[in-house]
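The lines below spell out each chain.
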Amino acid sequence: MAGDGRIRLFCALQLPGDALDRLVEWQARELPGVAGRVVPREHLHVTLAFLGHRPERELPGILEALRAASAVAPSRIELRPVRYRETRSVGMIVLDDPTGAATALAGDVQSRLEALGAYRRERRGWLPHVTVLRFRAPAGLHPEAANMCSIHVVRSALYRSSLGHGGARYDALETAPLGGR
């Protein structure tokens, strides 16, 4: 938590252990010796909404918004790795959302958070992805997409992001089952 009673937050889909294992294997195979920071296993996720620094007093409302959106989502969301992509600061595995369930959940979470005044939607549309590499300048990589089976997500989480030397640390403050189970 920041000294001013603010906490840096984001909502995300938690990836199951088998998908995390395959992503870590892919990182080891495709990203050795790359300039930048490979995202560690415990920090791999699919962001639904990044809130940034929020007053700690907003935490109960934010948690309730995530719980409510997760409860009405399907109990299992399928995502499929499609390709590797780089932006100016990250490398990611872009995911296909074949049923649109993840996109609908992201939209619902974002709408609920906007209604609370805790979030402002980005201009660009939501892109399901897993950040696998962080860097100061694009690495210019063109690896094959992670050779994985579909990912079946069953939980969302509210994470605290604590900035520090060597990158941010993410801690799940609470998880919520999809489909209200």
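Residues numbered from 1 in each chain as written. Predicted model: local features only at pLDDT ≥ 70, side-chain atom pairs only at ≥ 80, totals over all residues. Heavy atoms only, no water.

**Observations concerning the environment of C11**
In step 1: Mapped onto the elements, C11 comes out in strand β1 (residues 6-14).
In step 2: Put simply, C11 and L178 are 167 residues apart on the chain and 13 Å apart in space, counted from C-alpha to C-alpha.
In step 3: Dropping the residues within four chain positions of it, C11 is found in contact with V46, T47, L48, A49, L51, L66, V109, L113, A157 and L158. (Helix = DSSP H or I, 4+ residues; strand = E, 2+ residues; numbered from the N terminus. Contact = heavy atoms within 4.5 Å.)

**Considering the packing of aromatic side chains**
In step 1: Under the definition given, this model contains 3 aromatic pairs.
In step 2: Geometrically, the ring pair formed by F10 and Y170 is edge-to-face, given 5.0 Å between the ring centres and 80° between the ring planes. On the criterion of sequence distance, the pair formed by F10 in strand β1 and Y170 in strand β9 (residues 169-177) is long-range, its members being 160 residues apart. Both residues of the pair, F10 and Y170, belong to the buried class.
In step 3: Note on W26 and Y84: the rings are 6.1 Å apart at their centroids and 35° apart in plane angle, and the pair reads as tilted. Residue W26 is located in helix α1 (residues 17-30), and its partner Y84 is located in strand β4 (residues 77-86); the two are separated by 58 residues in the primary sequence. (Phe/Tyr/Trp six-rings, centres within 6.5 Å; stacked < 30°, edge-to-face > 60°. Buried < 20%, exposed > 50% of the residue type's maximum accessible area, 1.4 Å probe, protein only.)

**A word on the confidence of the model for the protein chain**
In step 1: In the predicted model, the protein chain carries a mean pLDDT of 91, and the fraction of residues at 70 or more is 96%.
In step 2: The least confident element of the protein chain is strand β7 (residues 151-153), whose mean pLDDT is 91; the most confident is helix α3 (residues 101-116), at 98. (pLDDT = per-residue confidence, 0-100.)

**Description of the sheet that holds β7**
In step 1: Here we have 5 strands laid out as an open sheet, ordered β2-β6-β5-β4-β7, and antiparallel in their pairing. The open sheet has two free edges, formed respectively by β2 (37-38) and β7, since each of these has just one partner strand.
In step 2: The pairing of β4 with strand β5 (residues 90-96) spans 6 bridges and is classified as antiparallel. Paired with Y84 across the strands is I93, a residue of β5.
In step 3: Helix-sheet contacts for α1 involve β2, β4, β5, β6 (129-134) and β7, and the interaxial angle to β6 is about 35°. (Pairing = 2+ DSSP bridges. Axes fitted to C-alpha atoms, helices over the stretch in contact; angles between N-to-C directions.)

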